[in-house]
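# Residue-level structure breakdown
Single-letter residue listing:
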Amino acid sequence: MKILVLVKEVPDTWGDRVLNLETGLADRAASEAVLDEIGERAIEVALSYADEHDDTEVVLLSMAPESAAATIRKGLAMGAGSAVHVVDEALHGADLSLTSEVLAAALRKSGFDLVITGNQSTDGVAGVLPAMIAERLGLPQLTALTEVTIEAERVSGRRVTDVATMQVSAPLPALVSITEALPDARFPNFKGIMAAKKKPWETWSLADLGIDGEHMGVPRSIMTSIAERPPRQAGQKIVDEGDAGQKLADFLRENRLA
Amino acid sequence: MPTFANDTILVLLDTTPDGQLAASSAALVGAASQVGTPVALVVGEGADGAGALGAVQVLHASAGDGLTVPIVDAVAAAVELVQPEAILISNSIDGRDVAGRLAARLGLSVAVDAVDINRDDQGLVAHHSVYGGAYNTQSATTFGPLLATLRQGSIEARAAAVEAEIIPLEVTRSGTRAAMVESIEPVVVSSKRPELRSAARVVSGGRGLGSAENFALVESLADALGAAVGASRAAVDAGYVPHALQVGQTGVSVSPQLYVAVGISGAIQHRAGMQTAKTIVAINKDPDAPIFEVADFGIVGDLFTIVPQLLEALEAKKG
Ligand SMILES: Cc1cc2nc3c(=O)[nH]c(=O)nc-3n(C[C@H](O)[C@H](O)[C@H](O)COP(=O)(O)OP(=O)(O)OC[C@H]3O[C@@H](n4cnc5c(N)ncnc54)[C@H](O)[C@@H]3O)c2cc1C
């Protein structure tokens, strides 16, 4: 079984994340870059299947700037077998349509039985790429899974939406997206980190995938304005001296909030 | 043949497993009515309810088998028929899947998680609140209809009820492979509390509550204030409440009039989902908890004495 896991480098959510006010793009230099936590959980789903099934190949796929290589390598240190990195200057600021076109083309070129992704990245939080990629590849999609069962010919799981909880399944090949209800990822150990340096790594450009990133003949999403919200100021802070509940009730009433 | 206005805004209304329109529907039609003529699409049951929400025309398609694909087939047919200026879909899990597939199929760009839609001299514009409300951005499409998903609870506009024209929609099935739905159960929502995403008041509890039993304290406070209940990820992970109540970066974003954080440290990922609230109140025994950096009224102390006293004080005034 060949499992492709989509991973992404994102600004660390523990720090302040900055958008460039001229370009509207993430200011990568302003924050620490990390492997997105949800992508790590997706790797974990693949690895725990591989732990039990010897003939499993786990491949990481990421579309990211050159500088993201070190971040993606963490996934190899966790235990994935190889990585495909799509790098191209023309992808700087790519919208969702172009991103899905590129990832779908890379998946087609690489080949797979199962694609696993996170449900939403922590920076873009769009949550539409899994479905876009599935459509482009003609695959069934099982999104927002909180439990996943992978079998030789089929994948199934529990999907929790805003209005229902359901059991869903599809024969392979298929694409699944998982939520943070799935377990935390394993930590890379020293042996894994050393091994990661020697694992197969492919770098593909848009030309390798036969895609023209500057093609404007299809609609593109453009950011037309951006404004920073002023940060919040702290208000009053009191230490409870036995009457704080009473004081809070007064505060709420004065402000017509109770 | 029915005719459609030039400024038609096609809105896909989500439905629940028991054949009702989802709670997000009124805001979708409301948003559409601000910028054009709302035409609703309902796949499966529930079409009768769309006129009351302000949809002038309602396209009705039968439900097909499989996940997402039959709905995408229906939206594609509706787009072909009405040639809309925009397509609005709820930013729900189901809605995002439909929007993603539709964008890929029709070659449209997609504006995700819009908090508002308006019109300027160039056309329709989607408004977004990103990085936990730290930035407000606007986006548009270079050409073609605007396809956008709308954040639930973000739009207050409502359209006046109308007598809708119900139009059966012929759908050509694409034959795209779809996942099978083997069983489905509706999510049980507590009807007595307001819905988290759109509530004017929210009371959230964190790991500081210590157990699912103690979490009842948060629920009592919410009920005393007529508020919705929310939680931190640590409280969800500990099993005090389901994930649907998680506020924050990987949960729900809320912008209520009042947000009360009880036993929540205020990690940056939690603040990302609530820092645009009008008034923030925090109760935490740690004077250095980051939640105090954004609180308008912060109390350093034990929640297990403060919340019961607060409940009593609120009750006393009422009585
Ligand atoms: C990628 C990513 C995404 C995340 N997304 C989210 C998200 O969407 N939402 C979210 O909430 N978190 C999210 N987190 C997790 C976040 O970092 C924190 O771990 C989480 O918010 C902590 O929850 P908490 O405040 O309840 O728990 P803690 O941080 O453990 O805080 C508990 C607080 O309770 C106080 N306390 C304890 N006992 C009492 C008492 N008796 N009286 C008063 N106060 C008391 C303590 O002083 C402490 O401040 C995310 C993390 C990552 C890495």
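Up top you'll find the structure we're talking about.
Fair warning: this is a prediction, and the values are worked out from it, not measured in the lab. (Residues numbered from 1 in each chain as written. Chains lettered and ligands numbered in written order. Predicted model: local features only at pLDDT ≥ 70, side-chain atom pairs only at ≥ 80, totals over all residues. Heavy atoms only, no water.)

Looking only at helices and strands, chain A features seven helices and 13 strands. The dimensions of chain A, computed from C-alpha atoms along their principal axes, are 65 × 45 × 40 Å. Per-residue burial over chain A gives 52% buried out of 258 residues. Here the analysis covers contacts within chain A between residues at least 6 apart in sequence; of these, 71% occur between residues at least 24 apart. As presented, chain A carries roughly 11800 Å² of accessible surface, and 50% of it is formed by carbon and sulfur atoms. If you average the places of the 25 positive and of the 39 negative side-chain charges in chain A, the two averages end up 2 Å apart. (Helix = DSSP H or I, 4+ residues; strand = E, 2+ residues; numbered from the N terminus. Buried < 20%, exposed > 50% of the residue type's maximum accessible area, 1.4 Å probe, protein only. Contact = heavy atoms within 4.5 Å. Areas by Shrake-Rupley, 256 points an atom, 1.4 Å probe, with all protein chains shown as cover. Lys, Arg positive; Asp, Glu negative; His and termini not counted. Charge placed at Lys NZ, Arg CZ, Asp CG, Glu CD.)

All names here are of chain A. One can describe the packing of helix α1 (residues 37-52) onto helix α2 (residues 69-78) by two numbers: an axis separation of 10 Å at closest approach and a directional angle of 25 degrees. Compared by their axis directions, α1 and α2 come out roughly parallel. The handedness of the crossing between α1 and α2 comes out as right-handed. Mapping the contact onto sequence places E40, I43 and L47 in α1 and K74, G75 and M78 in α2. (Axes fitted to C-alpha atoms, helices over the stretch in contact; angles between N-to-C directions. Parallel < 35°, antiparallel > 145°, perpendicular 65-115°, else oblique. Left-handed = near helix turned anticlockwise from the far one by under 90°.)

The next point concerns the site of the ligand. With respect to spatial proximity, 28 residues lie near the ligand, and among them R207, S232, S265, Q269 and N284 of chain B are the closest. Taken together, the residues near the ligand originate from chains A and B. With respect to the ligand, the backbone of R207 of chain B contributes an N or O atom lying 2.8 Å from an oxygen atom. The separation between an oxygen atom of the ligand and a polar main-chain atom of G263 of chain B is 3.1 Å. Elements with a minimum of two residues in the shell around the ligand: α5 (233-237), α6 (268-271) and α7 (303-318) of chain B. For the shell around the ligand, the class distribution of residues is seven nonpolar, 15 polar and six charged. (Near = heavy atom within 4 Å. Polar contact = N/O pair within 3.5 Å; in protein donor to acceptor, adjacent residues only side chain to side chain. Nonpolar A, V, L, I, M, F, W, Y, C, P; charged D, E, K, R; others polar.)

This next bit is on the packing of aromatic side chains. A full pass over the atoms with the stated rule returns three aromatic pairs over all chains. Between F251 of chain A and F297 of chain B the ring centres are 4.5 Å apart and the planes differ by 25 degrees, which places this aromatic pair in the stacked class. Of this pair, F251 of chain A sits in helix α7 (residues 244-254) while F297 of chain B sits in strand β16 (residues 297-300), placing the two residues on different chains. With a centroid separation of 6.2 Å and an interplanar angle of 50 degrees, the aromatic rings of F215 of chain B and Y240 of chain B are classed as tilted. Taken together, the residues F215 of chain B in the loop between β12 (201-205) and α4 (216-225) and Y240 of chain B in the loop between α5 and β14 (258-262) connect sequence positions 25 residues apart. For the pair F215 of chain B and Y240 of chain B, one class covers both residues: buried. Lying across the ring of W201 of chain A, R73 of chain A places its NZ or CZ 4.5 Å from the centre. Above the face of the W204 of chain A ring, K109 of chain A is positioned so that its terminal group lies 4.9 Å from the ring centre. (Phe/Tyr/Trp six-rings, centres within 6.5 Å; stacked < 30°, edge-to-face > 60°. Lys NZ or Arg CZ within 6 Å of the ring centre and 35° of its normal.)

What follows is about the side chain of R96 of chain B. Among the structural elements, R96 of chain B can be located in helix α3 (residues 93-106). When near neighbours in sequence (up to four residues on either side) are disregarded, R96 of chain B contacts Q120, A126, G127, V128 and A131 of chain A together with S90 and N91 of chain B.

Next up on the list: the pairing of strand β7 (residues 141-150) of chain A. All names here are of chain A. Here β7 lies mainly inside the structure; seven of its 10 residues are buried. Across three bridges, the pairing between β7 and strand β10 (residues 174-178) is parallel. Bridging from a neighbouring strand, L145 pairs with I178 of β10. With five bridges joining them, β7 and strand β8 (residues 154-160) adopt antiparallel strand pairing. Directly across from I150, in β8, lies its bridge partner V155. (Pairing = 2+ DSSP bridges.)

Attention now goes to the interface of chain A and chain B. On the chain B side, the residues contacting the 88 residues of chain A number 88 residues. Between R159 of chain A and D94 of chain B there is a salt bridge, and its shortest N-O distance comes to 3.0 Å. Our enumeration of links across chain A and chain B arrives at 55 residue pairs in polar contact (both at pLDDT 80 or more). In terms of residue count, the dominant contributor to the side of chain A that touches chain B is α7 of chain A (nine residues). When the residues that make up the side of chain A that touches chain B are grouped by side-chain class, the tally is 43 nonpolar, 23 polar and 22 charged. The pairing of strand β12 (residues 221-228) of chain A with strand β8 (residues 135-141) of chain B spans seven bridges and is classified as antiparallel. Looking at the pairing, M223 of chain A lines up with S139 of chain B of β8 of chain B. (Salt bridge = Lys/Arg side-chain N within 4 Å of Asp/Glu carboxyl O.)

Let us look at a nonpolar patch on the surface. Taken together, the side chains of F190, I193 and M194 of chain A make up a nonpolar region of the molecular surface, amounting to roughly 310 Å² of accessible area. Inspection of the secondary structure puts M194 of chain A in helix α5 (residues 190-196). (Patch = residues over 30% accessible without salt bridge, like charges linked within 9 Å, V, L, I, M, F, W, Y side chains within 5 Å.)

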